[in-house]
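Listed below, chain by chain, are the residues.
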Amino acid sequence: MESKQISVVFGVLAFLGTFAVLGAATVALIGTKLIGEERLARCFTIGAKWLFGGWGLARKITIVALAVAVLYSTTLLGASIASQEWTLAPGAEKYFCEVDCHLAYSVASVEVASMVGAGPSAVKARGNFLIISVRTRFDILTTSRHRGDSPLVPNEREITIVDDAGRSYAISETAQNALKAQGLSGASMTQPLRPAESFISKLVFDLPADCRNPRLLIQSPSNPHWIGAILIGDEESVLHKKVFLALPAISIR
């Protein structure tokens, strides 16, 4: 199970558990002051009888479950709506949490080309090729001193370019393969690395001539996708804003 899936499970359980504990404590505290301990105890007894007494227990549990689901959904949407879109400056790092450390991603350089590859394997761009050098860095400052020097295999990332019009562009597979055939694609994005190590990967995008203000979006997809969509505060959650990486000034014609 990846770190995100683990965090989802514990995140949901922690939220529900915290809500239950805080809710009970709040009710007990306010109830004690307003109606006294004896009446509060009587209220809890009545509530227990309502839940467990007589017929319709399944229906009552369903009602409680629906109430919790509504509360969680409201919190999820509220956190997403309150989030802000960020575009990090060229060279700035975007962090992702692994199981016991953080990986930082940044744009090292950008090239514009009309063709990638050589000879029979050369690929011509339909618009313009944008070759982005992405640095992956294992931030040693985010690890425990007891972790040791064992290597880490980065999780799969979903990488796209997004322009001012909101259009998304995936990596061009044909151009990427042509660059790889030349031995110029750099390291694999999932290459293992040890604390304080980093590597450069070159990614190729085929952008149309009318693409304006392209920004790099690196995300850590969940498997299955719906898990990230329901995690409060996750970048993949419903309506949550994104964190982009700005590219150095380039000229696309």
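The coordinates are above.
Here is a short report on the structure shown in this document. Everything numeric here is computed off the predicted structure, so don't read it as measured data.

Looking now at the pairing of strand β3 (residues 102-116). As judged from the four bridges shared by strand β2 (residues 94-97) and β3, these two strands associate in the antiparallel manner. Along β3, the bridge assignment pairs cysteine 97 with histidine 102. Counted between consecutive antiparallel strands, the loop separating β2 from β3 contains four residues. In this sheet, strand β4 (residues 123-139) lies alongside β3 in antiparallel orientation, the contact comprising 13 bridges. Paired with serine 109 across the strands is serine 133, a residue of β4. Here β3 hands over to β4 after six residues, with glycine 117 in that stretch at a positive phi of 95°.

A word on the sheet that holds strand β7 (residues 198-207). With respect to topology, four strands assemble into an open sheet ordered β2-β3-β4-β7, the strand pairing being antiparallel. If you trace the sheet from one side to the other, it starts and ends with β2 and β7, each paired once. If you compare each strand with its neighbour and ignore which way they point, the axes differ by 35° on average.

So, about the packing of aromatic side chains. Within this structure, the stated rule accounts for one aromatic pair. Seen in terms of ring centroids, phenylalanine 96 and tyrosine 105 are 5.6 Å apart; in terms of plane orientation they differ by 80°. Their pairing is edge-to-face. Phenylalanine 96 sits in the buried class, given a relative accessible area of 9%. Using a relative accessible area of 0% as the deciding quantity, one classes tyrosine 105 as buried. One residue, arginine 157, lies across the ring of phenylalanine 96, its end atom 4.6 Å from the ring centre. One Lys or Arg, arginine 215, reaches over the ring of phenylalanine 244 and ends 3.9 Å from the middle of that ring.

Parameters and conventions
Residues numbered from 1 in each chain as written. Predicted model: local features only at pLDDT ≥ 70, side-chain atom pairs only at ≥ 80, totals over all residues. Heavy atoms only, no water. Pairing = 2+ DSSP bridges. Helix = DSSP H or I, 4+ residues; strand = E, 2+ residues; numbered from the N terminus. Axes fitted to C-alpha atoms, helices over the stretch in contact; angles between N-to-C directions. Phe/Tyr/Trp six-rings, centres within 6.5 Å; stacked < 30°, edge-to-face > 60°. Buried < 20%, exposed > 50% of the residue type's maximum accessible area, 1.4 Å probe, protein only. Lys NZ or Arg CZ within 6 Å of the ring centre and 35° of its normal.

No statement about biological role is implied by the geometric values presented.
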